[in-house]
Amino acid sequence: VIRVPVALGERSYEVLVGPGARHRLLEVLPPGVSRAAVVTQKAVDVAVDPGVEWKQFLIGEGERAKCLATVEELCRGFARWGLTRADVVVAVGGGVVTDVAGFAAAAYHRGVPVVHVATTLLAQVDAAIGGKTGVNIPEGKNLVGAFWQPAAVLCDTEVLESLPPREYQSGLGELAKYSFLGAEGLADLPLAERVARCVEIKAAVVTADEREGGGRALLNYGHTLAHALEAFGLTNGWDLRHGEAVGIGLIFAALLARRLGRIDDERVTDHRRVVECYGLPADLPPDADVERLIDLMARDKKATTGFTFVLDGARGVEVVRDVQRSDVRETLLEMGQGASSPR
Ligand SMILES: NC(=O)c1ccc[n+]([C@@H]2O[C@H](COP(=O)([O-])OP(=O)(O)OC[C@H]3O[C@@H](n4cnc5c(N)ncnc54)[C@H](O)[C@@H]3O)[C@@H](O)[C@H]2O)c1
């Protein structure tokens, strides 16, 4: 396995990446732990052996299960079983499981250690690393949460084989993003090295900005339009996965950067090549409503004043403020529109 350190002082930990990494669980449990609460979903079906007394806690599927009711149910289950602060929560699953279990671990007894066993490509390169945990409320996604760093993260590339193809595809959107955050040549690496390279970049960004004061915003490259497309798609019956929306968002970000004179045609072509090589969509769906998308982007919680985007440029990807609405509109109109909508 490849070991990637996440350097955060006394909250530092390691991410173990590679085939069979899930079998290293006992090795990474905090010292002296006597019991492990294993939080997972039925569909995940990845067996782990904590090597200490353990009990499984199942949660539901999808964004709807990522809610406060699930956190309460988990905490009540932990309490009935008698979990203490000297024990550990082990999250086995994708981003939904690591976000919910991580938040339950942060809140239960005001904090018990958590170890993430990430089982989707998206969780391995993104969600399980960095300590952001949380749940949705009806008013919005990820609005309630906590920073709670795991004690370790295991990214077993073997378990990705059972992942439904579209879930894999969704993770590829994040891989495509990392290609522009310093991971050139990513597509040529074997899978475990590819995941490890992305983890290294995420770890470096988190180390520099643990609580999202600034630099961590770079991880949102391609995400401003992606979030708007996901929100628009929800009310229009699209079946658009997060990673697919990120593919479209990356192309938009490249075209906007070119319009603002930040990058040249060749760099736009680089973006198209990466997005296409991962088989991700690059065009807006045909029934996308440009004005609605602009309004949704203005509301994105990452946009503090006016239009703020993360854009490529001579110094690499950086936060760019005060982008004009007209430039955003022209860029959306300049984008290709796909032959059919994702349904
Ligand atoms: N905390 C963060 O920093 C962060 C970052 C990015 C995304 N996220 C969150 O992550 C979530 C998305 O995560 P996701 O894409 O992993 O989705 P997910 O957790 O819903 O997993 C996708 C599906 O795959 C199934 N699955 C998981 N592992 C499997 C396996 N090995 N074999 C077969 N099926 C498996 C799951 O049961 C689920 O049905 C979102 O809620 C998002 O907000 C969090």
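These numbers were taken from a predicted model, which means no experiment stands behind them.

**Q** Provide a residue-level description of the side chain of E244, including the pertinent values.
**A** Among the secondary structure elements, E244 is positioned in helix 9 (residues 242-259). Once you skip the residues sitting within four places of it in the chain, E244 turns out to touch R166, Q169, D239, L280 and P281.

**Q** Run through the site of the ligand, naming residues and quoting values.
**A** Neighbouring residues of the ligand: 24 residues in total, closest E61, E63, T119, T120 and S162. A distance of 3.5 Å is found between a nitrogen atom of the ligand and a backbone nitrogen or oxygen belonging to A127. At 2.9 Å from a nitrogen atom of the ligand is found a main-chain nitrogen or oxygen belonging to K132. Secondary structure elements with two or more residues in the shell around the ligand: helix 4 (95-107), helix 5 (121-127) and strand 8 (140-147). The residue inventory of the shell around the ligand, partitioned by class, reads 8 nonpolar, 7 polar and 9 charged.

**Q** Report on the pairing of strand 1 (residues 2-6), specifying residues and quantitative values.
**A** Bridge analysis of strand 1 against strand 2 (residues 13-17) gives 5 bridges, and the strand direction is antiparallel. What sits directly across from P5, in strand 2, is E14. Joining the antiparallel neighbours strand 1 and strand 2 is a turn of 6 residues, in which G9 adopts a positive phi near 60°.

**Q** Please set out the packing of helix 9 against helix 10 (residues 265-277) residue by residue, giving values where relevant.
**A** Where helix 9 contacts helix 10, the two axes come as close as 9 Å, and the packing angle between them is 180°. Classed by the angle they form, the pair helix 9 and helix 10 counts as roughly antiparallel. Together, G247, L250, I251, A254, L255 and R258 of helix 9 and D265, V268, H271, R272 and V275 of helix 10 make up the contact between the two elements. Its residues assigned to classes, the contact of helix 9 with helix 10 shows 6 nonpolar, 2 polar and 3 charged.

**Q** Kindly report on the nonpolar core, identifying the contributing residues and their values.
**A** Formed by 76 residues in total, the largest nonpolar core has its most connected members in V15, L225 and L332. Looking at which element gives the most residues to this core, the answer is helix 9, with 11 residues. Apart from the residues within four sequence positions on either side, V15 is in contact with I2, R3, V4, V6, I129, V153, C155 and V199. Counting residues in each nonpolar core, the second largest holds 23 residues, with I59, C75, W81 and F103 among its members.

**Q** Outline helix 4, supporting the account with residue identities and numerical values.
**A** For helix 4, which comprises 13 residues, the first-to-last C-alpha distance of 18 Å matches the rise-based estimate of 18 Å (1.5 Å per residue) to within 8%. Burial of helix 4 is extensive: 12 of the 13 residues sit out of reach of the surface. Along helix 4, the residues classified as buried are G95, V96, V97, T98, D99, V100, A101, G102, F103, A104, A105 and A106. Among the residues trailing helix 4, H109 stands out with phi positive, at a value near 55°.

The rules we used
- Residues numbered from 1 in each chain as written.
- Predicted model: local features only at pLDDT ≥ 70, side-chain atom pairs only at ≥ 80, totals over all residues.
- Heavy atoms only, no water.
- Helix = DSSP H or I, 4+ residues; strand = E, 2+ residues; numbered from the N terminus.
- Contact = heavy atoms within 4.5 Å.
- Near = heavy atom within 4 Å.
- Polar contact = N/O pair within 3.5 Å; in protein donor to acceptor, adjacent residues only side chain to side chain.
- Nonpolar A, V, L, I, M, F, W, Y, C, P; charged D, E, K, R; others polar.
- Pairing = 2+ DSSP bridges.
- Axes fitted to C-alpha atoms, helices over the stretch in contact; angles between N-to-C directions.
- Parallel < 35°, antiparallel > 145°, perpendicular 65-115°, else oblique.
- Core = buried A, V, L, I, M, F, W, Y, C linked by side-chain atoms within 4.5 Å.
- Buried < 20%, exposed > 50% of the residue type's maximum accessible area, 1.4 Å probe, protein only.
- Expected span 1.5 Å × (residues − 1).

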